[in-house]
Amino acid sequence: MKHLQKLNQYFNELTRTYRLFFKSAPLVATCVLLLAPLQAVIPLLAVAAGQKVIDQVTNHSPFMEMIIVWIVATAFQQFLPSLSTMVQGVLTDKLTGFINISLMKKSEDLQSISIFDDSKYFDDLQMLRDDASWRPVNLIVFGVSVLQSFLTLAFMLIYLARYNWWLALLLLIVMVPQSISYYRIQQQSFETMVERSKNARYLHYYSSLLLDRRDAKEVRLFNMFPKIIEKYISLFEQTKKDVNQIRRKQLTTSSLFVVLTVGVFGYGFYWFTNSVRTGALEVGVLLMFVSVIGYISTSMARVVEDSSLLYDSLLWIEKYFNFLGYQDDFKNGTQSFPDDFNDINVKSLSFTYPFSDTEILHNVSFSVKSGEKVAIVGENGSGKSTLVKLLMRFYDPTNGKISVDNYDLKDINIFDLHKNLSATFQDFSRFKLTLKENVITEYSFNKDRVNNVLKAAGLGDLLVNDHLNLNTMLAKDFENGTDLSGGQWQKVALARDLYADGKIEFLDEPTAALDAKSESEIYQRFLKENDKKTIFFVTHRLSAVRFADKVLFLDSGKISGFDTHTNLLHTNPKYKEMYDLQKDAYL
Ligand SMILES: Nc1ncnc2c1ncn2[C@@H]1O[C@H](COP(=O)(O)OP(=O)(O)OP(=O)(O)O)[C@@H](O)[C@H]1O
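None of these values were measured; they are calculated from a predicted model.

**Topic: the overall build of the protein**
Okay, so step 1: Looking only at helices and strands, the protein features 18 helices and 10 strands.
Okay, so step 2: Taken over the C-alpha trace, the protein has a radius of gyration of 34 Å; the compact-globule value for 587 residues is 25 Å, which it surpasses by more than 25%.
Okay, so step 3: Projecting the C-alpha coordinates of the protein onto the three principal axes gives extents of approximately 115 × 55 × 45 Å.
Okay, so step 4: Split into buried and exposed, the 587 residues of the protein put 47% on the buried side.

**Structural notes on the nonpolar core**
Okay, so step 1: Ranked by size, the top nonpolar core spans 42 residues in total, and within it Val 377, Leu 435, Val 439, Leu 454, Phe 537 and Val 545 carry the most contacts.
Okay, so step 2: Sorting the residues of this core by element identifies β3 (373–378), α12 (435–440), α13 (447–456), α15 (486–500), α16 (516–528), β8 (534–538), β9 (550–555) and α18 (573–586) as the ones contributing at least two each.
Okay, so step 3: Top element by residues in this core is α15. It accounts for 7 residues.
Okay, so step 4: Those residues in contact with Val 439 that lie beyond four places of it in its chain are Val 450, Val 453, Leu 454, Ala 495, Arg 496 and Tyr 499.
Okay, so step 5: Counting residues in each nonpolar core, the second largest holds 41 residues, with Val 87, Ile 99, Ala 132 and Trp 316 among its members.

**A word on the packing of helix α2 (residues 26–58) against helix α9 (residues 284–324)**
Okay, so step 1: Contact geometry for α2 and α9: axes closest at 7 Å, N-to-C directions at 160 degrees. In terms of orientation, α2 lies roughly antiparallel with respect to α9. The element α2 and its partner α9 pack so that their crossing is right-handed. Residues Pro 43, Val 47, Gly 50, Gln 51, Ile 54 and Asp 55 of α2 pack against Gly 284, Val 285, Leu 287, Met 288, Ser 291, Val 292 and Tyr 295 of α9.
Okay, so step 2: Broken down by class, the residue content of the contact of α2 with α9 amounts to 8 nonpolar, 4 polar and 1 charged.

**So, the packing of helix α3 (residues 64–109) against helix α5 (residues 135–161)**
The axes of two packed helices give the description: the angle between them and the distance between them.
Okay, so step 1: Where α3 contacts α5, the axes come no closer than 8 Å and their chain directions differ by 135 degrees. One way to sum up the angle between α3 and α5 is to call them oblique. The handedness of the crossing between α3 and α5 is right-handed. Touching Gln 88, Leu 91, Thr 92, Leu 95, Thr 96 and Ile 99 of α3 are Pro 136, Val 137, Ile 140, Val 141 and Val 144, all from α5.

**What about the layout of surface pockets?**
Okay, so step 1: Of the voids in this model, the largest pocket is the one considered here, and its volume is about 1200 Å³.
Okay, so step 2: Contributing to the lining of the largest pocket are 31 residues, with Met 392, Phe 394, His 418, Phe 425 and Phe 431 lying nearest its centre.
Okay, so step 3: Looking at the lining of the largest pocket, the elements that each hand over two or more residues are α3, α10 (384–391), α11 (414–419), β6 (421–424) and α15.
Okay, so step 4: For the lining of the largest pocket, a count of residues per class yields 14 nonpolar, 9 polar and 8 charged.

**Structural notes on the UniProt feature "transmembrane region" (unreviewed entry) in the protein**
Okay, so step 1: Here the UniProt feature "transmembrane region" (unreviewed entry) sits at residues 20–42, 62–80, 137–159, 165–183, 251–272 and 278–296.
Okay, so step 2: Taken as a whole, residues 62–80 contains 89% helix and 0% strand, while its terminal C-alpha atoms sit 29 Å from one another.
Okay, so step 3: The span residues 137–159 is 100% helical and 0% strand by assignment, and the distance between its end C-alpha atoms comes to 33 Å.

**Digging into unusual backbone geometry**
Okay, so step 1: Despite not being glycine, Asp 501 has its phi angle at roughly 50 degrees, a positive value.
Okay, so step 2: Take Asp 501: it is sitting in the loop between α15 and β7 (504–508).
Okay, so step 3: Residue classification places Asp 501 among the partly exposed residues on the basis of a relative accessible area of 47%.
Okay, so step 4: The phi dihedral of Ser 556 falls on the positive side, at around 45 degrees, and the residue is not glycine.
Okay, so step 5: Relative to the assigned elements, Ser 556 resides in the loop between β9 and β10 (558–563).
Okay, so step 6: Judged by relative accessible area, Ser 556 falls into the exposed class, the value being 53%.

**Side note on the packing of aromatic side chains**
Each aromatic ring pair is described using two quantities: the centre-to-centre distance and the angle formed by the ring planes.
Okay, so step 1: Counted by the stated rule, this structure contains 22 aromatic pairs.
Okay, so step 2: Ring geometry for Tyr 18 against Phe 21: centres 5.7 Å apart, planes inclined by 75 degrees, an arrangement best described as edge-to-face. In this pair, Tyr 18 and Phe 21 both sit in helix α1 (residues 2–24), 3 residues apart, roughly one turn of the helix.
Okay, so step 3: Take Phe 21: its relative accessible area is 0%, and that puts it in the buried class.
Okay, so step 4: For the pair Phe 351 and Tyr 395, a centre-to-centre distance of 5.4 Å together with 55 degrees between the ring planes defines the contact as tilted. Here Tyr 395 lies in the loop between α10 and β4 (399–404) and Phe 351 lies in strand β1 (residues 343–352), a separation of 44 residues in the sequence.
Okay, so step 5: Under the relative-accessibility criterion, Phe 351 is labelled buried at 2%.
Okay, so step 6: The structure contains a cluster of three or more aromatic residues connected by ring pairs, namely Tyr 159, Tyr 163, Phe 269, Trp 271, Phe 272 and Phe 289.
Okay, so step 7: Lys 436 extends its terminal NZ or CZ atom over the ring of Phe 445, reaching a point 4.4 Å from the ring centre.
Okay, so step 8: Positioned above the aromatic ring of Tyr 499, the side-chain terminus of Arg 449 is 4.2 Å from the ring centre.

**Focus on the domain arrangement of the protein**
Okay, so step 1: Taken domain by domain, the protein comprises domain 1 (2–203 + 245–324) and domain 2 (424–501).
Okay, so step 2: For domain 1 versus domain 2, the distance between C-alpha centres works out to 52 Å.

**Notes on the sheet that holds β8**
Okay, so step 1: Strands sit in the order β6-β7-β8-β3-β9-β10 across an open sheet of 6 strands; the sheet is mixed. Only two strands of the sheet have a single neighbouring strand rather than two, namely β6 and β10. Between one strand axis and the next, the sheet turns through 15 degrees on average, direction left out of account.
Okay, so step 2: Here β3 runs beside β9; their pairing, made up of 5 bridges, is parallel. Each residue of the ladder has a partner; that of Gly 378, found in β9, is Leu 554.
Okay, so step 3: Across the sheet, α15 is in contact with β6 and β7; its angle to β6 comes to roughly 170 degrees.

**Let's talk about the pairing of β8**
Okay, so step 1: Taken across its 5 residues, β8 has 5 buried, putting it largely inside the fold.
Okay, so step 2: In β8, alternate side chains face the same way, and those of Thr 534, Phe 536 and Val 538 on one face and Ile 535 and Phe 537 on the other are all buried.
Okay, so step 3: The sheet contact formed by β3 and β8 spans 4 bridges and is parallel. Across the sheet, Val 374 pairs through a bridge with Phe 536, a residue of β8.
Okay, so step 4: In this sheet, β8 lies alongside β7 in parallel orientation, the contact comprising 5 bridges. Within the sheet, the bridge partner assigned to Ile 504 lies in β8 and is Thr 534.

The rules behind these values
- Residues numbered from 1 in each chain as written.
- Predicted model: local features only at pLDDT ≥ 70, side-chain atom pairs only at ≥ 80, totals over all residues.
- Heavy atoms only, no water.
- Helix = DSSP H or I, 4+ residues; strand = E, 2+ residues; numbered from the N terminus.
- Rg over C-alpha atoms; globule rule 2.2 N^0.38 Å.
- Buried < 20%, exposed > 50% of the residue type's maximum accessible area, 1.4 Å probe, protein only.
- Core = buried A, V, L, I, M, F, W, Y, C linked by side-chain atoms within 4.5 Å.
- Contact = heavy atoms within 4.5 Å.
- Axes fitted to C-alpha atoms, helices over the stretch in contact; angles between N-to-C directions.
- Parallel < 35°, antiparallel > 145°, perpendicular 65-115°, else oblique.
- Left-handed = near helix turned anticlockwise from the far one by under 90°.
- Nonpolar A, V, L, I, M, F, W, Y, C, P; charged D, E, K, R; others polar.
- 1 Å grid on protein atoms, 1.4 Å probe; cavity = no way out; pocket = protein on both sides within 12 Å on 5 of 7 lines; lining within 4 Å.
- Points joined across faces, edges and corners; volume = space filled by probe spheres on them.
- UniProt positions renumbered as here; feature names shortened; annotations may be inferred.
- Phe/Tyr/Trp six-rings, centres within 6.5 Å; stacked < 30°, edge-to-face > 60°.
- Lys NZ or Arg CZ within 6 Å of the ring centre and 35° of its normal.
- Domains from an automatic or database assignment.
- Pairing = 2+ DSSP bridges.

As structure tokens, then:
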């Protein structure tokens, strides 16, 4: 029952895959799928013509006509594989593009970032992403081969059954358990691979750790090579052992089935030879039988092999369909972001990350007026970045509500919301794109504005002294690319933020990589010269709180104080203690 269910699932995935071929390239897919039955029937035509020629020769009848049929069929048989390979190549390109584009578009739909918290999905996503460049090739090559071999097998068996139907039936009986057994072994090997997928992630990480530029310095300084290589070898050996065990099983099973199949073939050969000897059949059937057996055994092997090879690609495509169907709890709103708003209200907000049991923010309530500058401070892990992510709606609160005037954040269209926000994150992105593309992102290009924001972010010198231009590729590993220092990258992120020019601004430790002079200039630029903007800035450097109208002091996910810096110094001893600790260093 379980096997039947699995078989059913296999065929469902197979038909979904064929439908996907049509969706990605209707015309080419039609050609590919029409060529399959044609390629399956042509060999039968050649066999039948050959059989007829021999019969006609032995009966002294004219045979030229059948020779011509045989020549034409053989010519097609030789030519069709090249044509089919070419068309399959075209379909592969289209399908690869189609799959990768649909993955990217689906990611665009997932505006909440909670999917990255789901470790199960993360494994699947990793597998999808890593294999997306070559799985479509397997799907087409094996998918078409299974179809074509199956049809060849069916045509040959039907032809054979015209002479001896139970010989055909016997062959089927041997073939079915063989297919099922192979199919199961392949399934096991794939499950080991999925099991391996966690291991594979480690293996991939270990090798990239030693080979990548990113960790090159610390890996060398702390000589991490022997330990990491040792870890790699032990994990690799363990994985190899499991897979080899399955391979040995595969070899034993196939040997057993070879004995059975050859037994049936031998019996068939005896039966046909005997029929010719007794005069029941003409001699041409011997050529037919030998050819048909050849086709049956090769197409039988191909159906079994290729359908089991197709199996893991079908499981992969299942993950692809699952990803496309992935629905998070996130619902997009329909309201536009208000042109002018009076305040942002956070009411009784609590938050637990998806797939986690620990509540990070507890019953947080505060209200910020339009144009106010709010510093969010607190110890490491107190929930500052989490609060920013919620205010930007990368997550929805577990309880409570965030609203802009009377609009619940959830009711505002997410794209409109994000157009009205801008931010510089602690873990800002370093896009391997040109300097211009790094700054303008989705917005249209205005050269003067780009130059202005680069200057405002403190990157004016970069364009003059370092011979960079807006079209310089910011990636050393790309042609004519260059890299920037950590501080320069942070300034690029700030320039991007300034270019987006949202009504509400979030700065999550935007100056961590900057020197004191740049830091002060940036705060001046963002906080002093931006009267109209509402700004939230997360900072550990309490010297920066002097730029804020109010300080939101978070302590273990709770609001410990929300007031002006001066008031907090008087009313909140913990805040005062934190401030005094830094005072000597910064003030
Ligand atoms: N995706 C996540 N899933 C589960 N827990 C998370 C996730 N991201 C952060 N956390 C946890 O949430 C807590 C608050 O993290 P957050 O980044 O908001 O702190 P923070 O105050 O900004 O800290 P820091 O000053 O170090 O930047 C931490 O305990 C962290 O481990």
